[in-house]
Amino acid sequence: MIKAIKKREITLWGFLVFMFVFLSPLESFLIEQTGSLLKIYTIVCIVLFSVKILMMGKVKRLIPAQTSLLLFVFITGLSVFWSPHMSRGMDILFSIGLQVVFIMVVSQINYTETETHGFLQGYILSTIVLSLLVFANAEMLLAEGGRATASVPAGSDIDPNNIAAYIVGGFAVLLNVDTSKKQFGFEKPAKVVLQIVFLIAIFMTISRGAFVAVFAVIMYNAFSKGKLKRTIFFIVTIIIVFAVVYGLSQYIFGSNNPMLLLINRFLEDESGSGRLRLWEISIDAIVNKPILGYGLGESPYIIGKKQLNNIGSHNTFITIWFESGIFALISFITIIVSLWKTKKTSRFDLSSYGFLLGALTISFFIDTYNKKILWLPILLCVLATMSNRQKIADRK
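Please read these numbers as outputs of a predicted model, since none were measured by experiment. (Residues numbered from 1 in each chain as written. Predicted model: local features only at pLDDT ≥ 70, side-chain atom pairs only at ≥ 80, totals over all residues. Heavy atoms only, no water.)

With that settled, the discussion passes to the overall build of the protein. Of regular secondary structure, the protein possesses 18 helices and zero strands. Contacts in the protein between residues far apart in sequence, at least 24 positions, make up 77% of those at least 6 positions apart. Of the accessible surface of the protein, which amounts to about 18300 Å², a share of 67% is contributed by carbon and sulfur atoms. (Helix = DSSP H or I, 4+ residues; strand = E, 2+ residues; numbered from the N terminus. Contact = heavy atoms within 4.5 Å. Areas by Shrake-Rupley, 256 points an atom, 1.4 Å probe, with all protein chains shown as cover.)

Given below as structure tokens:
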């Protein structure tokens, strides 16, 4: 990326997106330091891109996913009006709307292959930094069974599940780095080392959802590339590596061994946050108001009446239906389906959709509909779709 900037192969617009991609994962660990700054940065980018679009004097035709995005924001926005806690609903709507507007304006610009590769490079670099932060804060993450987050609000961005989700995204992108062409300057040994680093960082978060997401990403890459045998070998290698890591971590951490904690959490009937119970309560509530929902941001308060803590459903799909109704859920699923129908040919495509699959898998275990961990891969997939459409138009 630095060389590309010096050679002027990266435009201002590409650099702005690169910085957004690089900074977004770090927010999960540095929310107090970067949360407000990243919102300001996003707003500034929206203004600059909007001015650029006005100067171009034309707007690209929307792809189906973008139409579904606008419909989703419209429906969730309406649900604010019947939410008893309207201020919370407005905060969530602002977070969602900000991400969607950013996606809409950023996707109006054409980016070179160097720039799109730069976006992925920025994400890998950010994941490296995030992994180092995990290692540096191991005691906090591993204390009390891996959930020593009592000092922050439940479900906030400073949560091991959110942190793990971003690292899974980096792992998904890294899987598609072409070392034969030294893409991003990576040699094969460096790629292998980083994969191991990312996997260890994921295990240290004690996130079961992230573990499932890693497996989903690996299998997606296997079938999309037709390299099932190589993938099986890769999985076996991971098992062997972590058998060694297990022994070392047992020696270093003792009873706080992250791998042992993760295994114990898988064997529990319910997680510490009682996800099965949360889903049961949520579905029972949805049956009473399946069409319109209870209002954006309302699920924690309704669940709180039957639980000790006011926490959400811990499932993005259930939460959307719970709060904004069946039509919001349909529009959200339509976003995913319309993106997934796009033909995936380049490594940028495979990386972006692998990232999205990881984020969607995590979304079954946490609420991500107002977090960048969901909207960032959607942004990359939209850019991939627009880039492919532009390539087809250029050939004609």
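Having seen it, we continue.
Contact geometry for helix H6 (residues 113–136) and helix H9 (residues 188–204): axes closest at 9 Å, N-to-C directions at 45°. Accordingly, the angle class assigned to the pair H6 and H9 is oblique. Remark: the crossing between H6 and H9 carries left-handed chirality. Each of Ile124, Thr127, Ile128, Ser131, Val134 and Phe135 in H6 lies in contact with H9, whose residues at this interface are Leu194, Val197, Phe198, Ile200, Ala201 and Met204. Considered class by class, the residues forming the contact of H6 with H9 number ten nonpolar, two polar and no charged. (Axes fitted to C-alpha atoms, helices over the stretch in contact; angles between N-to-C directions. Parallel < 35°, antiparallel > 145°, perpendicular 65-115°, else oblique. Left-handed = near helix turned anticlockwise from the far one by under 90°. Nonpolar A, V, L, I, M, F, W, Y, C, P; charged D, E, K, R; others polar.)

So, on to the packing of H6 against helix H8 (residues 160–175). Pairs of packed helices are described in terms of their axes, by the angle between the two and the distance that separates them. Where H6 meets H8, the closest approach of the two axes is 9 Å, and the angle between their N-to-C directions is 135°. Here H6 is positioned oblique relative to H8, judged by the angle of their axes. Classified by chirality, the crossing of H8 by H6 is left-handed. Here Leu120, Tyr123, Ile124, Thr127, Leu130, Ser131 and Val134 of H6 lie close against H8, whose contacting residues are Ile163, Tyr166, Ile167, Gly169, Gly170, Val173 and Leu174. Partitioning the contact of H6 with H8 into residue classes produces ten nonpolar, four polar and no charged.

Attention shifts here to the pattern of salt bridges. A pair can form between side chains of opposite charge whenever their charged atoms are brought close. In this structure the tally under the stated criterion is one salt bridge. Between glutamate 27 and lysine 372 there is a salt bridge; the shortest N-O distance is 3.2 Å. Of this pair, glutamate 27 sits in the loop between helix H2 (12–26) and helix H3 (31–56) while lysine 372 is found in helix H18 (residues 372–395), placing the two residues 345 residues apart along the sequence. Comparing glutamate 27 with lysine 372, the two get one shared label, buried. (Salt bridge = Lys/Arg side-chain N within 4 Å of Asp/Glu carboxyl O. Buried < 20%, exposed > 50% of the residue type's maximum accessible area, 1.4 Å probe, protein only.)

Attention shifts here to the packing of aromatic side chains. Under the defined criterion, the tally for this structure stands at 13 aromatic pairs. Here the aromatic rings of phenylalanine 15 and phenylalanine 18 are separated by 6.3 Å at their centres, their planes lie at 25°, and the arrangement is stacked. With phenylalanine 15 and phenylalanine 18 both in helix H2 and three residues apart, this pair spans about one turn of that helix. The class of phenylalanine 18 is buried, set by a relative accessible area of 8%. Taken together, the aromatic side chains of Phe72, Phe317, Phe332, Phe364 and Trp375 make up a single cluster linked through ring pairs. (Phe/Tyr/Trp six-rings, centres within 6.5 Å; stacked < 30°, edge-to-face > 60°.)

This part takes up the confidence of the model for the protein. Of all residues in the protein, 73% have pLDDT values of 70 or greater, and the mean over the chain is 79. Note that pLDDT drops below 50 for residues 144–157; the model gives that stretch 28 contacts with residues more than four away or on any other chain. (pLDDT = per-residue confidence, 0-100.)

Within the fold, glycine 354 resides in helix H17 (residues 347–362). With 137 residues separating them in the primary sequence, glycine 354 and valine 217 have C-alpha atoms 5.7 Å apart.

On the surface, Leu71, Phe74, Leu78, Phe81, Trp82, Met86, Met90, Ile291, Leu292, Phe327 and Ile330 cluster together into a nonpolar patch covering about 1100 Å² of accessible area. Among the elements that line the nonpolar patch, the one with the most residues is helix H4 (residues 64–79), at three residues. Positionally, phenylalanine 81 belongs in the loop between H4 and helix H5 (86–106). Its relative accessible area of 62% is what places phenylalanine 81 among the exposed residues. (Patch = residues over 30% accessible without salt bridge, like charges linked within 9 Å, V, L, I, M, F, W, Y side chains within 5 Å.)

In this section: the nonpolar core. Across soluble globular proteins, nonpolar side chains have a tendency to be buried as a group. If you look at the biggest cluster of nonpolar residues, it comprises 94 residues, and the most contacted ones within it are Phe49, Val106, Tyr111, Leu339, Trp375 and Ile378. Take this core: its biggest share by element is twelve residues, from H18. With residues up to four places along the chain from it excluded, the contact list for phenylalanine 49 reads Trp13, Leu16, Val17, Val105, Val106, Ile109 and Tyr111. The next biggest cluster of nonpolar side chains, apart from the first, holds eleven residues, and it includes Trp279, Ile286, Ile302 and Ile318. (Core = buried A, V, L, I, M, F, W, Y, C linked by side-chain atoms within 4.5 Å.)

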